[in-house]
Amino acid sequence: MLDTNTCHKARMSKDARFDGKFYTAVLTTGIFCRPICPARAPKEENVRYYLSAEQAQEAGYQPCKRCLPELAPNPTLPTTIQALITSLVEGNLSVSELAEKHQLSTRQIQRIFSQELGLTPSQYLQQHRLLKARQLLTGTNIPITDVAFNSGFNSTRRFNEAIKASYQETPSVIRERLSRNLQSSEISILLHYRPPFDWQAMLEFFRLRQLPNIEVVGENSYRRTFTLGKANGWFVVTPIEGKDALKLNVSIDNLRCLDEVITRVRRIFDLDADMSVIHRHLSKDDLLAPVIANHQGIRLPGCWDIFEFSIRAILGQQVSVKAATTLAGRISQRYGSNLENSINDLTLCFPTPAQLANADFQGLGLTNSRMDTLKRWIVFYLEQPKALESFNLDELTELLTAIKGIGPWTVNYLAMRGLSQPDAFPASDLGVIKALSPSLTKSQSTSPNLKPNQNPASNSKASGKEISARAEQWRPWRAYAAIYLWLSLS
Ligand SMILES: [Zn+2]
């Protein structure tokens, strides 16, 4: 629910932390804006607040040409509605198909949409497509014909008509606003976020884990190769000086995949997180509060691809980050494929599930049990490639721990970084145990029963039960708590 008082303060101070969380529509001009709009703020009696750009547009307002609402970061929505939106937008499903897919009734679907978005599914879809088109016109330089297809229109003629009818401007006129934001011959995309965001710290996290020839973390850039279905390519992410946005440059042989690339890159850097809400909740904990205060802009680092990440998570069982990265590098060199149109040091693509189907992993420095786990995992993945899309952590744990060699740590780490699930928590992680042991075992380590020759360090490890109990208060943001616990050790 929107609190008009908060909205008023946020737009008056042009507070970027509220960007994408609400929109201000102006009755006198018929225009709606982001809280960060540089234009003079209208009087409170002349404005109405909306939760989403889709809702403001459905109410008849036009997006502002100065703050470009189509480029605002995405709101943080509950998992259920997020999954419904994804099915609706990507699958182009009717309400009854949507209901069937998500095992809900059509009335439930209608109710969820109206509660969370203030719109019916078909209203949402229609406004979302129009905004998507604007986003690609003002935020990327892909050709206008590709914008039409990428935003879900079947023909350029219908696209042109729809844009003109809604915005009283042609796509090419809207496109002219792009030059203000981007100048590049490659495909460039602006990725906005709500501050705080610590680019250098995020970069450092990926630097320690980079896979040679697949990922290159430079002083101020993150580059990597990728395979997406049949498409291949590479991208570069750099910060934009003075703006709460990153710039993504993509080289791809099939533009239809562009939307997927944008979604995945946003997830790698966790650009849709609402850090103020997460910080407020986790700072109630005495142990986390000082870490958060020192690391305001650190987010939950995600991954490019869940299969690649799953292999890396298995390799990371009980070994250091460095050792796991070395092993993953050897697997990529042996089984990966070369990137066509490679650029400088980006030459290799991580092996696909099919490329690893018959891999024996001999001679790479893996233990026999780790090789067996990898093989079992790959068989499972090839049989059930969609299994990881299940978003219920308990079901996922039950399903995956049935595979020999996969335990709760792997599942939670996979959910946390691989699926960007904010409440996943690797309770048995060595770093988590180390960070929590002093505070959880304070009473024990000073116990008079402690024999003088006993090693207090090994004797004062927090138990899994104690850790899980402590973590309960961090829900639904336990994954972020894990990140802060790791940071508390450095
Ligand atoms: Zn504006």
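Predicted model only: the values in this text are computed from it and were never measured.

Moving on, we come to the overall build of the protein. Along the protein, the regular secondary structure elements total 24 helices and eleven strands. For 490 residues, the compact-globule estimate of 2.2 N^0.38 gives 23 Å, and the C-alpha radius of gyration of the protein, at 24 Å, lies within 12% of that figure. Along the first, second and third principal axes, the C-alpha atoms of the protein reach 80 × 55 × 50 Å. Every one of the 490 residues in the protein was classed for burial, and the buried ones make up 37%.

Moving on to the sheet that holds strand E9 (residues 245-252). Two orientations exist for strands paired in a sheet by backbone hydrogen bonds: parallel and antiparallel. Strand order across the open sheet formed by five strands is E5-E9-E8-E7-E6, with antiparallel pairing between neighbours. For this open sheet the edge positions go to strand E5 (187-192) and strand E6 (215-217), each flanked by a neighbour on one side alone. When the angles between neighbouring strand axes are averaged without regard to direction, this sheet yields 25 degrees. Relative to E9, E5 runs antiparallel, the two sharing six bridges. The partner of Ile187 across the bridge, within E9, is Val250. Where helix H10 (residues 199-207) meets the sheet, its contacts fall on E6, strand E7 (222-228) and strand E8 (231-239), and the angle it forms with E6 comes to roughly 135 degrees.

This part covers the sheet that holds strand E2 (residues 31-33). In spatial order, the strands read E3-E1-E2-E4; together these four strands make up an open sheet with mixed pairing. In the strand order of this sheet, the two ends are held by strand E3 (47-50) and strand E4 (62-63), each with one partner. With three bridges joining them, strand E1 (residues 23-26) and E2 adopt antiparallel strand pairing. Its bridge partner being in E2, Val26 is matched across the sheet by Ile31.

Membership of the largest hydrophobic core comes to 82 residues, with the highest contact counts inside it found for Val265, Leu282, Ala479, Tyr480, Ala481 and Tyr484. It is helix H24 (residues 478-489) that provides the largest number of residues to this core, a total of seven residues. Excluding residues within four positions of it along the chain, Ala479 makes contact with Leu300, Met416, Gln421, Pro422, Asp423, Ala424 and Phe425. Judged by nonpolar contacts, the second largest core, of 33 residues, contains Ala10, Tyr61, Cys67 and Phe153.

Axis separation between helix H20 (residues 430-440) and helix H23 (residues 464-471) bottoms out at 11 Å; the angle between their running directions is 85 degrees. Considering their axes alone, H20 and H23 lie roughly perpendicular with respect to each other. Contact residues: Val432, Ile433, Leu436 and Leu440 in H20; Glu466, Ile467 and Arg470 in H23. Classifying every residue of the contact of H20 with H23 gives five nonpolar, no polar and two charged.

Relative to the 21 Å expected for 15 residues at 1.5 Å per residue, helix H15 (residues 321-335) spans 21 Å between its end C-alpha atoms, a close match to the ideal helical length. Along H15, the residues classified as buried are Thr325, Leu327, Ala328, Gly329, Ile331 and Ser332.

Moving on, we get to the environment of Ala424. Structurally, the position occupied by Ala424 is in the loop between helix H19 (408-418) and H20. Note: C-alpha distance between Ala424 and Ala289 (135 residues apart in sequence) is 20 Å.

This part takes up the pairing of E7. Taken across its seven residues, E7 has five buried, putting it largely inside the fold. As paired strands, E6 and E7 are joined by three bridges and run antiparallel to one another. The residue of E7 that forms the bridge with Val217 is Tyr222. The turn joining E6 and E7, which pair antiparallel and follow one another in sequence, is formed by four residues. Taken together, the seven bridges between E7 and E8 define a ladder with antiparallel strand orientation. Counterpart to Arg224 in the pairing with E8 is Phe235. Between E7 and E8, which pair antiparallel one after the other, the connecting turn spans two residues, and Gly229 there sits at a positive phi close to 60 degrees.

Cut-offs and rules
Residues numbered from 1 in each chain as written. Predicted model: local features only at pLDDT ≥ 70, side-chain atom pairs only at ≥ 80, totals over all residues. Helix = DSSP H or I, 4+ residues; strand = E, 2+ residues; numbered from the N terminus. Rg over C-alpha atoms; globule rule 2.2 N^0.38 Å. Buried ≥ 20, exposed ≤ 12 C-beta atoms within 10 Å, placed from the backbone. Pairing = 2+ DSSP bridges. Axes fitted to C-alpha atoms, helices over the stretch in contact; angles between N-to-C directions. Contact = placed C-beta atoms within 7 Å. Core = buried A, V, L, I, M, F, W, Y, C linked by C-beta atoms within 7 Å. Parallel < 35°, antiparallel > 145°, perpendicular 65-115°, else oblique. Nonpolar A, V, L, I, M, F, W, Y, C, P; charged D, E, K, R; others polar. Expected span 1.5 Å × (residues − 1).

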